[in-house]
Amino acid sequence: DQKVRSKLLSEKSYAELFRRQNKWSYGLGYHILNLHKHSILSNYGINRGWRSAFFIIPQLCEAMAVFTNCDAGENTIKQYCLTWMKKTGAAKRPTD
């Protein structure tokens, strides 16, 4: 929300969160994937016994978080992410 954002960060600082800071598509705390017309922001958490990830598509006002309680949670996260991206339309190819 613009009102909340303006109280916490300047517009310039807010924009820096989502700008690639290096050649590996990493912003300030977010992985940034440009897919067709959308930027998908994500971050992952990994530790023994669990995996987690969240994904945000700012242009569509969509977000998703996945938490697993196993070491092999990457496949579950990938499956949910792909299903969610198709549902939101972010995974569509330009010809779709």
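Here's what I pulled together on the structure shown here. (Residues numbered from 1 in each chain as written. Predicted model: local features only at pLDDT ≥ 70, side-chain atom pairs only at ≥ 80, totals over all residues. Heavy atoms only, no water.)

## A word on the overall build of the chain
Phase 1 of the analysis: For the chain, the count of helices and strands is 3 helices and 4 strands.
Phase 2 of the analysis: Counted from the first residue to the last, the chain has its helices and strands arranged as α-α-β-β-β-β-α.
Phase 3 of the analysis: Across the 96 residues that make up the chain, the buried fraction comes to 25%. (Helix = DSSP H or I, 4+ residues; strand = E, 2+ residues; numbered from the N terminus. Buried < 20%, exposed > 50% of the residue type's maximum accessible area, 1.4 Å probe, protein only.)

## Regarding the layout of surface pockets
Phase 1 of the analysis: Considering only enclosed or pocket space, the largest pocket measures out at about 250 Å³ in volume.
Phase 2 of the analysis: Lining the largest pocket are 16 residues, and of these H31, S42, Y44, F55 and C81 sit closest to its centre.
Phase 3 of the analysis: Within the residue set of the lining of the largest pocket, elements represented by two or more residues are β1 (31–35), β2 (38–47), β3 (50–57) and α3 (74–88).
Phase 4 of the analysis: Residues of the lining of the largest pocket, tallied by class, amount to 9 nonpolar, 4 polar and 3 charged. (1 Å grid on protein atoms, 1.4 Å probe; cavity = no way out; pocket = protein on both sides within 12 Å on 5 of 7 lines; lining within 4 Å. Points joined across faces, edges and corners; volume = space filled by probe spheres on them. Nonpolar A, V, L, I, M, F, W, Y, C, P; charged D, E, K, R; others polar.)

## Thoughts on the nonpolar core
Among soluble globular proteins, nonpolar side chains are generally buried collectively.
Phase 1 of the analysis: Judged by nonpolar contacts, I40, A53, F55, I57, M64, V66, I77, C81, W84, M85 and A90 together constitute the single largest core of 11 residues.
Phase 2 of the analysis: Among the elements that make up this core, the one with the highest residue count is α3 (4 residues). (Core = buried A, V, L, I, M, F, W, Y, C linked by side-chain atoms within 4.5 Å.)

## Some words on the sheet that holds β3
Phase 1 of the analysis: Strand order in the open sheet formed by 4 strands is β1-β2-β3-β4, with antiparallel pairing between adjacent strands. The strands lining the two open edges of the sheet, one partner per strand, are β1 and β4 (62–68). Averaged over all adjacent pairs, the angle separating strand axes in this sheet is 20°, with direction ignored.
Phase 2 of the analysis: Relative to β2, β1 runs antiparallel, the two being bridged by 5 bridges. Across the sheet, L33 pairs through a bridge with I40, a residue of β2. (Pairing = 2+ DSSP bridges. Axes fitted to C-alpha atoms, helices over the stretch in contact; angles between N-to-C directions.)

## Description of the pairing of β3
Phase 1 of the analysis: Sheet topology places β2 next to β3; 7 bridges connect them, and they run antiparallel. Looking at β3, one finds that N47 is bridged to W50.
Phase 2 of the analysis: Once β2 ends, the chain turns through 2 residues before running back antiparallel as β3, passing G49 with a positive phi of about 95°.
Phase 3 of the analysis: Bridge count for β3 against β4 is 7 bridges, and the pairing is antiparallel. Residue pairing in the sheet places F55 in a bridge with M64 of β4.
Phase 4 of the analysis: The hairpin turn running from β3 into β4, its antiparallel successor, is 4 residues long, and C61 in that turn takes a positive phi close to 55°.

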